[in-house]
Amino acid sequence: MATRTDGGGRMSAEQRRASVLAAAVEEFAHGGLAGTSTESIAERAGISQPYLFRLYPTKKALFLAVIDDVFRRTATHFERAAGELTGEAALDAMKESYQELLADPTYLLNQLQAYSGCYDPEVQVTTRSGFHLLWDTVNRITGLSNDEIRLFFAYGMLFNIIAAMDLAVLNEEWAQMVCTAAPPGSAASARKPSTPEPSTLEPPTP
């Protein structure tokens, strides 16, 4: 049972909870709420199932904690990327920084699991709350209009889809057309160096 830190000291309850959450992030990314067992999470965390339930009362409670972590991680990442910037400069900085998050497949998968798990009322409420946090964060930092912020989130969802399907490496015109719709320099528009630029595609008009 993982009850000690690397330094040999006994782990605090908060450290144990963090260890279980980290294990849950990995497991839920692939199995979601319905397809992940608490046994696999406990095994990854190096603890027993009964001890896991002392830290998180139910599997759903742990899944909700993972969803909350995903959205808070995103909001914190946007805050750091924007720094002291405001307006369009802040928005551009957040767009560019999003590729760092998408580079972690586990992050993307858990975000998608949150949306797909909204058939469950509690998951839906937690996902709404997380998305609300992101909206308020971008709105507060940039001070831009609702239309501009909606477009920012629309591009974000497009980035998610492109990254999930790994369209940037697919050398087919339809896939590259989708990737070209993303702003230049974004994670979604990145292509392998060996992938030729489709000659028939034009960049979107701002």
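That block above? That's the structure.
The rules behind these values
- Residues numbered from 1 in each chain as written.
- Predicted model: local features only at pLDDT ≥ 70, side-chain atom pairs only at ≥ 80, totals over all residues.
- Heavy atoms only, no water.
- Helix = DSSP H or I, 4+ residues; strand = E, 2+ residues; numbered from the N terminus.
- Buried < 20%, exposed > 50% of the residue type's maximum accessible area, 1.4 Å probe, protein only.
- Contact = heavy atoms within 4.5 Å.
- Areas by Shrake-Rupley, 256 points an atom, 1.4 Å probe, with all protein chains shown as cover.
- Core = buried A, V, L, I, M, F, W, Y, C linked by side-chain atoms within 4.5 Å.
- Salt bridge = Lys/Arg side-chain N within 4 Å of Asp/Glu carboxyl O.

K.L.:
Even after reading the chapter, I still don't get the overall build of the chain, so can you show me in this structure?
P.N.:
On a plain count of helices and strands, the chain comes out with 9 helices and 0 strands. Counting from the amino terminus, the chain carries its helices and strands in the arrangement α-α-α-α-α-α-α-α-α. When each of the 206 residues of the chain is scored for burial, the buried share is 42%. Here the contacts in the chain between residues at least 6 apart in sequence split such that 58% fall between residues at least 24 apart. Entry remark: accessible area of the chain is about 11,200 Å², with carbon and sulfur atoms responsible for 54%.

K.L.:
What is the right way to look at the nonpolar core in this model?
P.N.:
The nonpolar side chains of a soluble globular protein tend to be buried, and buried together. With 44 residues, the main nonpolar core has Val-20, Ile-41, Ile-47, Leu-62, Met-94 and Val-138 as its most contacted residues. Sorting the residues of this core by element identifies helix H1 (13-35), helix H2 (38-45), helix H3 (49-55), helix H4 (59-82), helix H5 (87-102), helix H6 (105-116), helix H7 (121-142) and helix H8 (146-165) as the ones contributing at least two each. Here this core takes 10 residues from H4, the largest share from any one element. Among the nonpolar cores identified, the runner-up in size contains 5 residues, and Ile-162, Ala-168, Ala-175 and Cys-179 belong to it.

K.L.:
I would appreciate a short explanation of the pattern of salt bridges in the present structure.
P.N.:
Between side chains of opposite charge, pairing is possible as soon as their charged atoms come close. The final tally for this structure, using the stated rule, is 7 salt bridges. We note a salt bridge from Glu-27 to Arg-44, for which the minimum N-O separation is 2.7 Å. With Glu-27 in helix H1 and Arg-44 in helix H2, this residue pair connects regions lying 17 residues apart in the sequence. For Arg-150, the salt bridge is made with Asp-147, and the minimal N-O distance between the two is 2.2 Å. Highlighted residues: Arg-150 and Asp-147, both in helix H8, separated by 3 residues, approximately one helical turn. The exposure class of Arg-150 is partly exposed, given its relative accessible area of 46%. Residue classification places Asp-147 among the exposed residues on the basis of a relative accessible area of 52%. One network of salt bridges, in which partners are shared, links Lys-60, Asp-120 and Glu-122.

Interpretation note: all reported values are geometric properties and have no functional meaning in isolation.
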